[in-house]
Amino acid sequence: MSERFCPYCMRDLSEGEKICPVCGCGAEVSAAPHHLPTGTVLRSGNGHRFLFGTIKGEGGFGLTYIGKELGSGLLVAIKEYFPFRCQPQRLPEGQVKPGEGFGDIYAHGMRSFLSEASMLRAVCHIPSIVHVMDYFEANGTAYMVMEYLQGATLYQVMQTKERVAPEELLPKLIPLMYDLGTLHESGVLHRDIAPDNIMWMPDGSLRLLDFGCARSLEDGRSMTVVLKPGFAPIEQYQTRGQGACTDIYGLCATLYYCLTGRVPPASPERLTATFDNQPDPLVPPSQLGVVLPAQQERLLLWGLALQPSLRPGSMAELASRLEKTFGETEKREETENKKKPEDMKEMKKPAERMTEERGRQGGGLPLEESGLPELEAGNAAGEVSFPPEETGAKNRTVLQIGLVPTAAVLAGVGLLVFILFIILGNL
C-alpha cells in the first residue's frame, strides 16, 4: 500500500494530496495523548497485520479505531481494552499501563475482554450481530477486531428527526430481535443495548454493535458495567440478577426513545416513584402522540416492566408476539376494506325494501311508474311532497269534491222557500 493514507477512511493518498478525495478530510491528524498513534501497525497471533487510523469512539471500557487489514485491504473496526476506571496511562511507545493499585482489576478485566471476544467470534454466523474477526494481546492490553460497518447509529438518526415512525422501524427490528434471541441461547448477553449501539445500515437492516460489555450468561460473578441512564434496567444497578431480560429492557428502551423522541426515565427514578406510591414516570407512547396499535404498545411496555420477572421470558417470545401484531393489523385492515362495500349494501337494503313496499302499494309498479310521490332527501318527518306539476291537480280535485255538498245545501234551502211561498199565497 501507499505510505500515505487518510486516517479517517483509510484510503491510499498520492504524494502531495493533503485532502482526501473520498471523505474530504485532512490527511493529517493529531492523536490525543491516551490514543494509540495513527499509523501504528500491530500483528495478531493469526498473522494478520492491522494498520490503525483515527479514533471513532470512546467508552467506559475501551477505545475504538478505524483500521485496515493490510493483507486483504479490508476495513475493520478495532476495539482496544482501555478501562478508564483503572486510570490507564499511554506510554510513548504505545504501551498501556494501569494506574497505581489497579493492576489486579485491570488484568482481570483484560482476561474477560479476551474471553468475550472469543465468545463473539464463535457466534459470527448471526447476521444482525457485528462480526468479530480476530482478537489478540499487544502493548500490555488487548484488541478485538470487528468488521467495519458504514451506516448511521439510531442515535445519529435521531439527531436528524424528532421521531421514527413505528411502521418504519418495527419491521426492521424483528430480525434483530430473533438474532438477539439466538445470541442469548448461545450463552452471551450484550448488556449495553442503546441507540448508539444499533446501526441502521444502507440496506435498511439493523446491526448490533459494541460488545465491550458482553458477558457469558453462565458467569456468576458480579457484572459491573458503565450504565446509560434510561436504557439500563434496575438489575444493572445491582451486582446480580442480569439475564436475557436485561437486553430486552435495553432494546425496548431504545425503541421507546426512537418512537417518542424521549429518553425513558431512569429505572431508579421509576423504582422510587413506586416506593412513594406515585405514578410510573414512564409515559405510554400513545399519550405522547405516537400512533401505535394497542397490541404493540402493550408489548413495548411489557419489555419495559421495572421488575425483571415481569418482562417477557425471552427475546424470541417478544419478537414472535410483536411479529404477529403485524399480521393481525394487516388482517384487520383487509377485513375492514372488504367490509366497506358490504356495509354500503347493508345501508341500501332498508331503502330498497321501502322502495319495494311502495311499489306494491302502487299496484306492483316501480316507484317511478306507480304515480306515488317519492320521499325527498332531508324531509326528516317523512311528509309527502308532491311535484309542482301535480299541485294544481290536487287543489282542483279538492275544490270539486267540496262543491258537491254545497250545491245540495243550496238546493234544499231553495225548495223550502218555494213551499213557504205557496202556503202564504193560499192564505
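Residues numbered from 1 in each chain as written. Predicted model: local features only at pLDDT ≥ 70, side-chain atom pairs only at ≥ 80, totals over all residues. Heavy atoms only, no water.

**Q** So what exactly am I meant to see when it comes to the overall build of the chain here?
**A** Within the chain, the secondary structure is distributed over nine helices and 13 strands. Every one of the 427 residues in the chain was classed for burial, and the buried ones make up 41%. Accessible area of the chain: about 23,400 Å², with a carbon and sulfur share of 56%. (Helix = DSSP H or I, 4+ residues; strand = E, 2+ residues; numbered from the N terminus. Buried < 20%, exposed > 50% of the residue type's maximum accessible area, 1.4 Å probe, protein only. Areas by Shrake-Rupley, 256 points an atom, 1.4 Å probe, with all protein chains shown as cover.)

**Q** It is not clear to me how the nonpolar core should be interpreted in this structure. Could you clarify?
**A** Inside soluble globular proteins, nonpolar side chains tend to come together where they are buried. In this structure, M177 and L251 are the most contacted members of the largest nonpolar core, which totals 77 residues. It is helix α4 (residues 244-260) that contributes the most residues to this core, 10 residues altogether. Not counting the four nearest positions on each side in its chain, L251 is found in contact with L173, L176, M177, L180, I193, I198 and M315. (Core = buried A, V, L, I, M, F, W, Y, C linked by side-chain atoms within 4.5 Å. Contact = heavy atoms within 4.5 Å.)

**Q** When you look at the packing of helix α3 (residues 166-185) against α4 in this model, what are you seeing that I'm missing?
**A** Two elements in contact, α3 and α4, have axes whose closest approach is 12 Å; the angle formed by their N-to-C orientations is 165 degrees. Between α3 and α4, the crossing angle belongs to the class labelled roughly antiparallel. Remark: the crossing between α3 and α4 carries right-handed chirality. In contact with P166, L169, L170, L173, L176, M177, L180 and H184 of α3, α4 contributes A244, D247, L251, L255, C258 and L259. (Axes fitted to C-alpha atoms, helices over the stretch in contact; angles between N-to-C directions. Parallel < 35°, antiparallel > 145°, perpendicular 65-115°, else oblique. Left-handed = near helix turned anticlockwise from the far one by under 90°.)

**Q** Honestly, the sheet that holds strand β11 (residues 198-200) in this entry has me stumped. Any pointers?
**A** Pairing between the strands of a sheet is mediated by backbone hydrogen bonds and can be parallel or antiparallel. The sheet built from three strands is open, its strands ordered β9-β11-β12 with antiparallel pairing. Looking at which strands have only one partner, the edges of the open sheet turn out to be β9 (152-153) and β12 (206-208). Of the strands in this sheet, β11 and β12 are in contact with α3, which crosses β12 at around 40 degrees. (Pairing = 2+ DSSP bridges.)

**Q** Got a minute to help me understand the pairing of strand β8 (residues 141-147) in this structure?
**A** Remember that side chains alternate between the two faces of the sheet whenever the strand is regular. Among the seven residues of β8, seven are classified as buried, and the element is accordingly described as predominantly covered. Where strand β4 (residues 74-81) lies against β8, five bridges are found, and the strand directions are antiparallel. When the bridges of β8 are listed, A77 appears paired with M146. Sheet topology places strand β7 (residues 132-138) next to β8; six bridges connect them, and they run antiparallel. Looking at the pairing, F136 lines up with Y143 of β8.

**Q** For this particular structure, what's the right way to read the side chain of H190?
**A** Looking at the element boundaries, H190 is found in the loop between β10 (188-189) and β11. The class for H190 is buried, based on a relative accessible area of 0%. From its side chain, H190 meets the backbone oxygen of L209 in a polar contact 2.7 Å long. (Polar contact = N/O pair within 3.5 Å; in protein donor to acceptor, adjacent residues only side chain to side chain.)

**Q** For this particular structure, what's the right way to read the state of the cysteines?
**A** In protein chemistry, a disulfide is the covalent bond that joins the sulfur atoms of two cysteines. All told, the structure shown has zero disulfides when counted by the stated rule. Here C9 stays free of any disulfide, with the sulfur of C20 as its closest cysteine sulfur at 3.6 Å. (Disulfide = S-S within 2.5 Å.)

**Q** Sorry, what's going on with the pairing of strand β2 (residues 49-58) here?
**A** In terms of strand pairing, strand β1 (residues 41-43) meets β2 through three bridges, oriented antiparallel. Across the sheet, the residue bridging to L42 is F50, located in β2. Two successive antiparallel strands, β2 and strand β3 (residues 62-69), enclose a turn made up of three residues.

**Q** Just to check I follow, could you spell out the pattern of salt bridges for this structure?
**A** Should the charged atoms of two oppositely charged side chains come close, the side chains can pair. Enumeration over the complete set of coordinates arrives at nine salt bridges. We note a salt bridge from D196 to K228, for which the minimum N-O separation is 2.9 Å. Here D196 is found in the loop between β10 and β11, whereas its partner K228 is found in the loop between β13 (215-216) and α4, with 32 residues between them in sequence. Connected via shared salt-bridge partners are D192, D196 and K228. (Salt bridge = Lys/Arg side-chain N within 4 Å of Asp/Glu carboxyl O.)

**Q** Where do I start with the packing of aromatic side chains in this structure?
**A** Between two aromatic rings, the relevant description is the distance of the centres plus the angle of the planes. Considering all chains together, one arrives at eight aromatic pairs under this definition. Aromatic side chains F52 and Y65 sit 5.4 Å apart centroid to centroid with 75 degrees between the ring planes, which places their arrangement in the edge-to-face category. Remark: Y65 occurs in strand β3 and F52 occurs in strand β2; sequence separation between them is 13 residues. In this structure, F52 and Y65 share a single accessibility class: buried. Judged by centre distance (6.0 Å) and plane angle (85 degrees), the rings of F231 and Y257 are edge-to-face. Placement of the pair is F231 in the loop between β13 and α4 and Y257 in helix α4, with a sequence separation of 26 residues. By way of ring pairs, the aromatic residues F50, F52, Y65, F136 and Y143 are connected into one cluster. (Phe/Tyr/Trp six-rings, centres within 6.5 Å; stacked < 30°, edge-to-face > 60°.)

**Q** Mind showing me how you'd approach the environment of L255 here?
**A** Among the secondary structure elements, L255 is positioned in helix α4. Classification of L255 as buried rests on a relative accessible area of 8%. Those residues in contact with L255 that sit more than four places away from it in its chain are L169, L170, L173 and L300.

**Q** Teacher, can you tell me more about the sheet that holds β4 here?
**A** Taken in spatial order, the six strands make up an open sheet running β1-β2-β3-β4-β8-β7, and their pairing is antiparallel. Lying at the two open borders of the sheet, with one neighbouring strand each, are β1 and β7. For this sheet, the mean angle separating the axes of adjacent strands, direction not counted, is 35 degrees. Sheet strands touched by helix α1 (residues 103-122): β4, β7 and β8. Its angle to β7, the strand with the most contacts, is close to 155 degrees.

**Q** Sorry if this is basic, but what is going on with unusual backbone geometry here?
**A** One non-glycine residue, N139, adopts positive backbone phi at about 60 degrees. Here N139 lies in the loop between β7 and β8. Residue N139 is classed as buried on the basis of its relative accessible area, which comes to 13%.

**Q** So what exactly am I meant to see when it comes to the side chain of Q236 here?
**A** With respect to the element layout, Q236 can be found in the loop between β13 and α4. On the basis of relative accessible area, Q236 is assigned to the buried category, the value being 7%. Within the local environment of Q236, its side chain forms a polar contact with the backbone oxygen of R191, the two atoms lying 3.0 Å apart.

It is worth stressing that arrangement in space is one thing and function is another; only the former is reported here.
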